[in-house]
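Survey of secondary and tertiary structure
Read off the chains here:
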Amino acid sequence: MSDKKKHLKQARECLAAKDYKEAIQNSKAALKEDRSCYEAYVYIGKAAFHLGEFEQAEAAYQKATEVNDKAAQAWQGLSELYHETQQWVKAAETDQTLVDLAHRGDASLVGRLPQLVRRLGEAHKAAGQLEEAEVALRDVLRHQLPVAEKLQVLALLADVQLKEDSAELEVKVQQRLQEEIKEAGGDLSKVSEDAVRFAVLSEAADEAMELDCDHATPTLKEIVCSIAPTPLYVKYHDTFLRRLRQAVNVAAPGSMDRHNRRVAVLEVCRSMIEGHCAANTEVGMGCASPYAYETALRLLEIEEEIVGACLPRQPSQDFSGSRGPYSGVASPRSGLATPTASGLAVAMATNVSPGSFFGGSSMHNARVGSFGGGLNESLALMGVGSGLRSGGATPGAASLVGGLASLPSGGNLSGMAPATPKRIMSGKELSELIHHPMAAASGTMASKARDSFTQLAAEASQAPSGTATVNGTAAPTPLTGITPQTSNVAGLLSAQPSILAQPGLLSAQPSMNMASAFGTGSRGLRISVGGGPSQDFSALSPRVSIATTPRWSNTYSTAPVTPRAHQPPAASPLLMADSEMLARKLMHAFPWNATAHVHLAMALRRRESYVTSAAATVKLQCDWQGPGVTDLSCSAMAQRMRAERPRQQARRAWLADLMAKGLERGAPVVAGMIGLAELRLEAGDSQGALDAAKHGIKFVFERSRVAKERARHAALVLNLLAAQALLGTGQITDAGRIFVRLAQRVSEGEVAFGSDAVGMQPTSIRQQAIRGLARVALAQGDTCQALHHYGELVSKALMGRGSAEHWAYAEYGWLLFQEGNADAGRFQLETALEVLYRQGAHNMEQIAADYHHKLARIYWALDGHYKTEREYCHAHLLDAAAEEGPQQAGAFEWLGHWYREVAKDDVRARKCYQRALALDPTLEGAGTALCKQLQAAPADSTDSSTSCGAQLVMELLQEILIRAPDAQWARARLAKLQLQLGQYDEAVTSHQAAIRAAPKSAELWEGLAASYQALGRHASALKAYTRTLELDPARPYVLMQSGTLEYMAGAYVTAAAKYRAALKVVPRHPAALLGLAEVLLSSACCHAAMGAEGAAAVELAQAAEVARAATSGVETAAISAGASAAVSADQQAHQAYAAANGTEPQLESQDRRQRGSLFTTNLATAWKLLGDILLQQHMLQPASAAAAAGNHDSDSAQQAVTSAVQHVAARRTMLTDARRAYARALRLHPISGELWGDLALCYSHEARLLQQLQGIDPSASAAAISASWSAAVRTARGGLRLSAASSWLWGVLAGAAAAAGDPAAAEYAYSRALALDPKAAMLWVQLG
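Here the structure is a predicted model, which means the values were calculated and not measured.

1. Quick look at the overall build of the protein chain
Looking only at helices and strands, one finds 60 helices and four strands in the protein chain. Across the 1328 residues in the protein chain, those meeting the buried criterion constitute 52%. Considering only contacts within the protein chain whose residues lie at least 6 apart along the sequence, 64% involve residues at least 24 apart. Accessible area for the protein chain stands at about 58500 Å²; split by element, carbon and sulfur atoms hold 53% of it.

2. Considerations on the environment of glutamine 958
Looking at the secondary structure, you find glutamine 958 in helix α44 (residues 949–963). When its relative accessible area of 37% is taken as the criterion, glutamine 958 is described as partly exposed. Sequence separation of glutamine 958 and arginine 971 is 13 residues, and the distance between their C-alpha atoms is 8.2 Å.

3. Observations regarding the nonpolar core
Counting 121 residues, the largest nonpolar core has Met659, Ile674, Phe739, Leu742, Tyr851 and Trp969 as the members making the most contacts within it. With eleven residues, the single largest contributor to this core is helix α31 (residues 712–728). When near neighbours in sequence (up to four residues on either side) are disregarded, methionine 659 contacts Val598, Ala601, Met602, Gly672, Gly675, Leu676 and Leu679. One finds Leu1073, Leu1081, Ala1084 and Ala1218 within the second-largest nonpolar core, a separate group that totals 84 residues.

4. Considerations on the packing of helix α8 (residues 113–126) against helix α10 (residues 147–183)
It is at 11 Å that the axes of α8 and α10 come closest, and there the two elements cross at 25°. Considering the angle they form, α8 stands roughly parallel to α10. Crossing of α8 against α10: the hand is left-handed. Contacts from Gln115, Arg118, Glu122 and Lys125 in α8 reach Glu149, Gln152, Val153, Leu156, Asp159, Val160 and Lys163 in α10. Considering only residue class, the contact of α8 with α10 consists of three nonpolar, two polar and six charged.

5. Points about the pattern of salt bridges
Scanning the entire structure with this criterion turns up 42 salt bridges. Where arginine 900 meets glutamate 901, a salt bridge forms, and the shortest distance between an N and an O atom there is 3.6 Å. One continuous salt-bridge network, built from bridges that share partners, spans Arg605, Arg652, Glu678 and Glu682.

6. Some details on the confidence of the model for the protein chain
Taken residue by residue, the protein chain gives an average pLDDT of 74. The fraction at 70 or more is 70%. The model gives residues 463–574 a pLDDT under 50, and that stretch makes 257 contacts with residues more than four places away or in other chains. Predicted confidence for residues 939–946 stays below pLDDT 50, and this span has four contacts to residues more than four positions away or in other chains.

7. Notes on the packing of helix α36 (residues 806–818) against helix α38 (residues 844–862)
α38 packs onto α36 with a crossing angle of 25° between their chain directions and a minimal axis gap of 11 Å. In terms of axis orientation, α36 runs roughly parallel to α38. Two packed elements cross with a definite hand, and for α36 against α38 that hand is left-handed. Contacts from His806, Trp807, Ala810, Gly813, Trp814 and Phe817 of α36 reach α38 at Ile847, Tyr851, Lys854, Arg857, Ile858 and Ala861. Residue classes in the contact of α36 with α38 are distributed as eight nonpolar, two polar and two charged.

8. Considerations on the packing of aromatic side chains
In total, this model carries eleven aromatic pairs according to the counting rule given. Each ring, one from tyrosine 866 and one from tyrosine 872, has its centre 5.1 Å from the other, and the planes form 75°; the classification is edge-to-face. Across the pair, exposure class does not vary: tyrosine 866 and tyrosine 872 are buried alike. An aromatic cluster is present here, built from Tyr293, Phe590 and Trp592 joined pairwise through their rings. Over the face of the ring belonging to tryptophan 860 we find lysine 867, whose NZ or CZ atom lies 4.1 Å from the ring centre.

9. Considerations on unusual backbone geometry
Positive phi, normally seen in glycine, also occurs at glutamine 86, with a value near 60°. In this structure, glutamine 86 sits in the loop between α5 (72–84) and α6 (88–103). The backbone phi angle of lysine 904 is positive, close to 55°, even though this residue is not glycine. Given the relative accessible area of 63%, lysine 904 is considered exposed.

10. Some points on the environment of valine 907
With respect to the helices and strands, the residue valine 907 is situated in helix α42 (residues 906–919). Along the backbone, valine 907 and glycine 896 are eleven residues apart, and their C-alpha atoms lie at a distance of 9.4 Å.

11. Digging into helix α51 (residues 1070–1089)
An ideal rise of 1.5 Å per residue puts 28 Å on 20 residues; α51 measures up with 29 Å between its terminal C-alpha atoms. After α51 finishes, the residue glycine 1091 shows a positive phi value of roughly 90°.

Calculation notes
Residues numbered from 1 in each chain as written. Predicted model: local features only at pLDDT ≥ 70, side-chain atom pairs only at ≥ 80, totals over all residues. Heavy atoms only, no water. Helix = DSSP H or I, 4+ residues; strand = E, 2+ residues; numbered from the N terminus. Buried < 20%, exposed > 50% of the residue type's maximum accessible area, 1.4 Å probe, protein only. Contact = heavy atoms within 4.5 Å. Areas by Shrake-Rupley, 256 points an atom, 1.4 Å probe, with all protein chains shown as cover. Core = buried A, V, L, I, M, F, W, Y, C linked by side-chain atoms within 4.5 Å. Axes fitted to C-alpha atoms, helices over the stretch in contact; angles between N-to-C directions. Parallel < 35°, antiparallel > 145°, perpendicular 65-115°, else oblique. Left-handed = near helix turned anticlockwise from the far one by under 90°. Nonpolar A, V, L, I, M, F, W, Y, C, P; charged D, E, K, R; others polar. Salt bridge = Lys/Arg side-chain N within 4 Å of Asp/Glu carboxyl O. pLDDT = per-residue confidence, 0-100. Phe/Tyr/Trp six-rings, centres within 6.5 Å; stacked < 30°, edge-to-face > 60°. Lys NZ or Arg CZ within 6 Å of the ring centre and 35° of its normal. Expected span 1.5 Å × (residues − 1).

Here it is, written out as structure tokens:
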């Protein structure tokens, strides 16, 4: 063996052993022997490739191809290298060389030609050479390939073609966009790129679906027909479905063509959901993507009307009965209902009929098959379990259970007829649908749907009386003898109580077939109450008929209500059963999906709305005979209902959060946006409701503008909810604009869209808009305009030009009552109750309770027999208090008023007040009345566990504030009570807390100021009084107290102004007069000390006049108050209580003595103040007299003497009046030593004045002078007997004794005075 062959052999062995470096060395050694050795270059390339030395490998392979370009090994190595290093252009060139070699007959490549071509296509695709890639992959498909491999190639081809289509469509979009801009004159604001793009995509999808004129559509169709939407190929199913959905939008909105296209899309969605394909229609392989579910749910929601359809659209057949207590009543609210037993039988027949696209699906057949043997499972799907779940005890659930329990077991409703088999299309039909969806929808499928419904209606109309038909077979109607004992939900009523209220319906023929029973509810139904034998209600008994007529009205008509016209179920697939089934399946398969979350919340919301409480069942169990007659608390179910209320509120909050999170994640569910806004409004979150409504309006507008989807009703309801939310947030103007547009542009017949999807009650949008306008007018204070709007609604109904909802009468009547027209309000509220009982509502009991409360308030205002007789005000208050709701607390409050004022039953009144406060601690009326009762009741001295009434009231208020910190009335009353009890520090804290909640309350600021003043914090008190006057300038107490504080601060002018302002509010008020007189006296003294005698004289004259008015005012007040003999109301109550308990009444109570002492003290103070003013006037007169003498023009001495005598006489008169004033004060308050000293001082001044008149006035004799000094000494000694420690009295006695000629006594008195007040300089001077 030569060295070359030896080295090549060793290189092959090294490659096999993965010793790549040694392989390279041996290959190089072989090249030394032969530079043109092909195998050596190939071995070097392979070894270098495995070592990651790609450049060396590429160079080696290139050398090999130069040596022999017809050999395949080097080209295969290069292909592998370029694919590994992602050099796709070179890889494509290399793969093309390999394909050419295979075509030339290379033995090593001929058998691998399909794989080589596929690899070439992948390289072209990766290099962006889409056309070459498509040619290569199409070439692969010409070969005979295994199914799995063919699908893989189809997937590659589809990826390439989708990229080509995307590029071409982008070019078309830009061209169309430029054309639109040119037509708009260059105004970009008039052109929507999204709308242009959507239109181009839709047109392209429509052409491609029918003509296969694009690249990818034929390939997508082949994939969809060949394989189910498994994880590897589901994206191609989604792409095909997305294009098919885009093709729907080419047809005109609302047209039958568009509807037929949607039918085709729904059929494709059904096949995808079930995992079927044209190649295999028997075995479902599942669906790996939620897009089919989302598309079906979206198509079941949009476009509320179809123009040119052969049959009218009806609401969901699952809810095809009638809502509320009157089944089949023609009213503005008709259209939706809870399922009844008969409605269930109809639904079970129609759900498997050709009217539903998903009625024959495998999941729906499983649900139908579980009716007999698997009852619990099917009930779990419908919200009813074998036991009483929370919120499941409801009339609707009971009737559902009763209807199911009467069915025989088995999977096909064997007692009635074989169920319709699964609606699975044949492979040929499904292939035809996939390849020509629009033609199939408008032709074969539409005709089959019409033929199916025609046959169904014909079979139903020919069925004998008392039978129902399912799939062409007549069967006995399983509706008689339904009792709750036949189901595993014991104690529930098996039919709605609505049949009790329909004499016209019950008297009709009992036969019912599927077509005639649609939308009319149950007839001739036998029900069992409380486990007893079934009772036939086909003819109403007198007891039952009482339940339909309000007890408080004997004039209402009881004529039979005309049932709605029979309407057959539509052949349209827009059924609520389909949507709910799809949502459940989607939630089960893809629990993280946002759309699934929203639809789950919507389904639970429907259950909450349509099956809310068991109130009607409880009424039947309790043998209910009308409001106020029967106590509903006798039922155990009523207790469960009360316990369920908080859980129900928590569930609704959770539903709103779940719906909001799903919508935030992009779920395109318009009904969910409506439901979220409604839930937010119900919870009082107006801002949240506004955000949800805005989001929905934006979404609807965008879809209408871009996708041309008709959602007018959804837009109307969202605008209505947005306006209501704006009104709740206080944006009255914006809300009014929306309400005006809705009222002007919406006809009377427009009802809420999407109500069946979210459980929202159908209502007239126009009436709701007018109602909103009335509320806007009320918010703006325009009551007349609000009355006009309500009157517009009510008057049309009264004249027979339409119908009005119960709320229109109720709100109109309450507004009339608030405006003073109680009698008209009574008539409207009574009419509202009548209309409510006739129309019905899922929460009728709570609404009726609110109306009963308002009607009772009106009866109370009307007075007379309406107030006193129990059948009016009292009975309606009982009805309102029996139902839990926001009105219950107010009803108990007014019941307390009725028992206290009418029945004179304080015990029941107190219990009612306590119950009202337990329900709503913020009720001020109940709280105030209860506090008054507690304060009025005298304390029981034998009970050591309780204190006085004030302490009880304080404990009550503190407990209320712990339970409800926002009870403002309790905090204010507690602060006032603490101030009255002298707890000033606590009063300050309570007043401050109350002011933080109500900063504009003048009463609270006044209480805070009084608390500060009691604590001696005068500066803070003055600031608080000033703030009080800013809020309410006409508060006399505040004016007087602020004047007092200003007087204490030395601001005499400001203080006098405050007192004068108080006198303007309350003329001749004694306290204001006394305060003003004292301020004027102090100001005069200040002016006199400063030498302004003229100003002082004027102020003293004013003060004397005010003081005289004060003395007369205090005397008048004392006489009018009867301070000497009157007995207060509290004393009378105490006497009555003492007599009832066998104790002696205390007639001379402490309160009476305190009242008399207060008036006596005030009057004594007034007389003393008058004496002080007159005495000060006397002391000011010498300076005034001197001034008058100096200004006298006459030189006559006689005239000067005469003037002086007159002046002294006037001063003597002042002293006499002052002495008499002090004497009057002493007569009222003889134990005051200071008053005795004032009287002694008057006698001293009178003696000095007589000394000046001695020799001029005959009365000024020595005896008179001596008598005056003696009187001064005696009165001073009398004062010292009462106040021996007064240095001022000792000084007065000393001066009088010295003047009377008793120096020893004077010296002793001076010594005692100085001993008490050593710093009295004047006394030292007089003693010296």
